Amino acid sequence: MKAKYLVVLGIRPDIINYQPLVNEFKRKKIDFKIIHTGQHYSYFFDGLFFKQLNFPNPDYHLKIGSGTQAHQLGKLVQKFEKVLLKEKPDLVFSFSDANPALSGIVASKMGIKVAHLEAGMRSYDWRMQEEKNRRLLDSISDYLFTPTSSTKKNLIREGIPPHRIFQVGKPIFEVLNNFKEKIDKNTILDELNISKGKYFLVTAHRPENVGVKKPLGNILAALEGVYKKYEKPVIFPIHPRTRASIKKFGLRIPKGIKLLEPVGFLEFSKLEKNAFCCVTDSGTVQEDTCIFKVPCVTMRISTERSETIEVGSSIAAGVNMAHIMDAVDKMVNKKSNWKNPYGKPDFSKKMIKILEKLDGEICSPKVWWDHPKINSSKSISQYKTKWKNPSVPDEIF
Ligand code: UD1
Ligand code: UDP
C-alpha cells in the first residue's frame, strides 16, 4: 500500500478501539502516524491503556486537555492543521463520535480525504455532543466504515452514496478476542474480594446524567435500591466528572456502593465479563456486555447501539429511579442467550482488504486545486496572481 495514514485518537475508548487496526498497520509495515489530541490525559484514562494494549506511542501530542466544547474544537482546528501541513497524509482516520473525531472536519476543510470508523450510528438525542459529531463526520467523510447492517441503512437513508459505505463489524469484538487470555487471567476479582455473578458493575459519565443534580441523585438512589434488593455489592469505577458532581451537589454515597478510581482495560473487562449485571451510560460498555452475554441496563433514553436493544442484551431505561430498578429486574431474570449482532471478530482484516483495494484512489488527488495538471505554475500564471502556497512551519507548537 502506498497511502500515508494519520490515526487520530484522544480518549480512553479511542485507544481501545484502534488497537486491532494499528496492530495490523504495524504488522504490515503500513505508513501511518498516530496523533493524540490529549483530551484524556490522566494515567488511568490514557497511559495505562497504551501500556495494557501494547499501543505504540503517539507521533504527535496536541495537549488539548479539558475545557468547553468550543475550547477543545478551537485548539484541535489550530493544532491539527499544523500537523496536516507537515505530514501531508493521503487519509485521516476519525473514530466514532467524541471530539477527537472532529479532526476529520479539519482534514476535509484542507482537501484531505477522511475515513470515519463506526459511521452511521444514531441516537437521535440532540442534547449529546456525540450525536452532533456523528452527523458532521458522516456528512463530510469520503469513506464510511460502518459496523452493522442497520448502521449502513441509516447512512443510505441519509443519502450517502452506497459505494462510499463499507460494513466491517465492530473493532471492540476483535479487541476483546485479542485480549481474552489476559482478561481471564486478571486478578481484580480477588483484589476486590468479589466473585463471579455476585456484584453489579456501574459506570456513569455523561454530562446530561451526572452534571445535573436530579438525574445523578436518581442514579445513586437506584443503585441503593438495587443493592438492598439483591444484596450484592455495587462496584463503581467513578469518572472524575461524576466524583466532582457528587461533591458539588452534596450527594451521599449510599451503602453497598464501592467507589473505585477508573480501572484499566484488563481489570474493567474482567469485571464486566463476570458481573451479575452492568448499569451504565457508556457506549462501549453496551457493546462489551452484549459480547460477554452479561445483562446491561443503559441509563439513557436512547442509544446509538440499537442492536443491543434489538437482540435483548440491554434496556434503555433512562435515569428515573423506578425505571432503572425495573430494567435491572427484567434483565437479571431473563436468559442471556441473545445472538451476538457483531458478526466475526475480523474487523482489522476486513479494513486492510478494503484499504488495499482503494489504495490507488486514496493516493490520487482529491480536489481540483491539488490536481497536478491544474496546480502547475503554468495554470497559476494564467491568472496572473502573486498568491503563494503557505509555507510549512519548521517547528510546530
Ligand atoms: C469524553 C467524550 C465522550 C466519551 C468519553 C469516554 C466528548 C464530547 N466526550 O467524555 O463521548 O464517552 O470521553 O470516556 O468528546 N478529566 C480528568 N482526566 C482526564 C480527562 C478528563 O480528570 O484525563 C476530567 C476533567 O475534569 C474534565 C472531565 O473529566 O473536565 C470531562 O472530560 P471530557 O474529556 O471533556 O469528557 P468525558 O466525559 O470524558
Ligand atoms: N473502561 C475502563 N475502565 C473503567 C471504565 C471503562 O477500562 O474504569 C473501558 C471499558 O473497557 C470500555 C470503555 O472503557 O470498553 C468504555 O469507555 P467509556 O465509557 O469511557 O466511553 P464511551 O464508550 O461511552 O465513549
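Scoring rules and cut-offs
- Residues numbered from 1 in each chain as written.
- Chains lettered and ligands numbered in written order.
- Predicted model: local features only at pLDDT ≥ 70, side-chain atom pairs only at ≥ 80, totals over all residues.
- Heavy atoms only, no water.
- Near = heavy atom within 4 Å.
- Polar contact = N/O pair within 3.5 Å; in protein donor to acceptor, adjacent residues only side chain to side chain.
- Areas by Shrake-Rupley, 256 points an atom, 1.4 Å probe, with all protein chains shown as cover.
- Helix = DSSP H or I, 4+ residues; strand = E, 2+ residues; numbered from the N terminus.
- Buried < 20%, exposed > 50% of the residue type's maximum accessible area, 1.4 Å probe, protein only.
- Contact = heavy atoms within 4.5 Å.
- Axes fitted to C-alpha atoms, helices over the stretch in contact; angles between N-to-C directions.
- Parallel < 35°, antiparallel > 145°, perpendicular 65-115°, else oblique.
- Left-handed = near helix turned anticlockwise from the far one by under 90°.
- Nonpolar A, V, L, I, M, F, W, Y, C, P; charged D, E, K, R; others polar.

Asks: Could you give me a rundown of the site of ligand 1, with the residues and numbers involved?
Replies: The local shell around ligand 1 holds 18 residues, among which His-40, Tyr-41, Ser-42, Glu-130 and Arg-241 are the closest. Asn-99 is positioned such that a nitrogen or oxygen atom in its backbone is 2.9 Å from an oxygen atom of ligand 1. A distance of 2.9 Å is found between an oxygen atom of ligand 1 and a side-chain nitrogen or oxygen belonging to His-205. In the complex, 84% of the free accessible area of ligand 1, which totals 760 Å², lies under the protein chains. For the shell around ligand 1, the secondary structure elements donating two or more residues are helix H3 (69-87) and helix H12 (240-248).

Asks: I'd like to hear about the site of ligand 2, residue by residue, with values.
Replies: Arg-12, Val-263, Ser-282, Gly-283 and Thr-284 are the nearest of the 16 residues found near ligand 2. In this structure, Arg-206 approaches ligand 2 through a side-chain N or O atom, which is 2.9 Å from an oxygen atom. Take Thr-284: an N or O atom from its side chain is 2.3 Å from an oxygen atom of ligand 2. The protein chains hide 95% of the 530 Å² of surface that ligand 2 would expose on its own. Taken together, the elements giving at least two residues each to the shell around ligand 2 come down to helix H1 (12-27), helix H13 (265-273) and helix H14 (283-292).

Asks: Please give an account of the environment of Ile-253 that cites residues and values.
Replies: Residue placement: Ile-253 occurs in the loop between H12 and strand S10 (257-260). On the basis of relative accessibility, which here comes to 32%, the residue Ile-253 falls in the partly exposed class. A C-alpha to C-alpha distance of 12 Å links Ile-253 and Tyr-227, two positions 26 residues apart in sequence. If we ignore the near neighbours within four places in the chain, the residues touching Ile-253 are Ile-246 and Leu-259.

Asks: I'd love a proper account of the packing of helix H11 (residues 213-230) against helix H16 (residues 321-332), names of residues and values included.
Replies: Between H11 and H16, the least distance of the axes is 8 Å, while the angle of their chain directions is 40°. As the angle between them shows, H11 and H16 are arranged oblique. In terms of crossing hand, the pair formed by H11 and H16 is right-handed. Listed contacts from H16 to Asn-218, Ile-219, Ala-221, Ala-222, Gly-225, Val-226, Lys-229 and Tyr-230 of H11 are Met-321, Ile-324, Met-325, Val-328, Asp-329 and Val-332. Along the lines of polarity and charge, the residues of the contact of H11 with H16 split into 10 nonpolar, 2 polar and 2 charged.

Take it as geometry only, folks, not as evidence of what the structure does.
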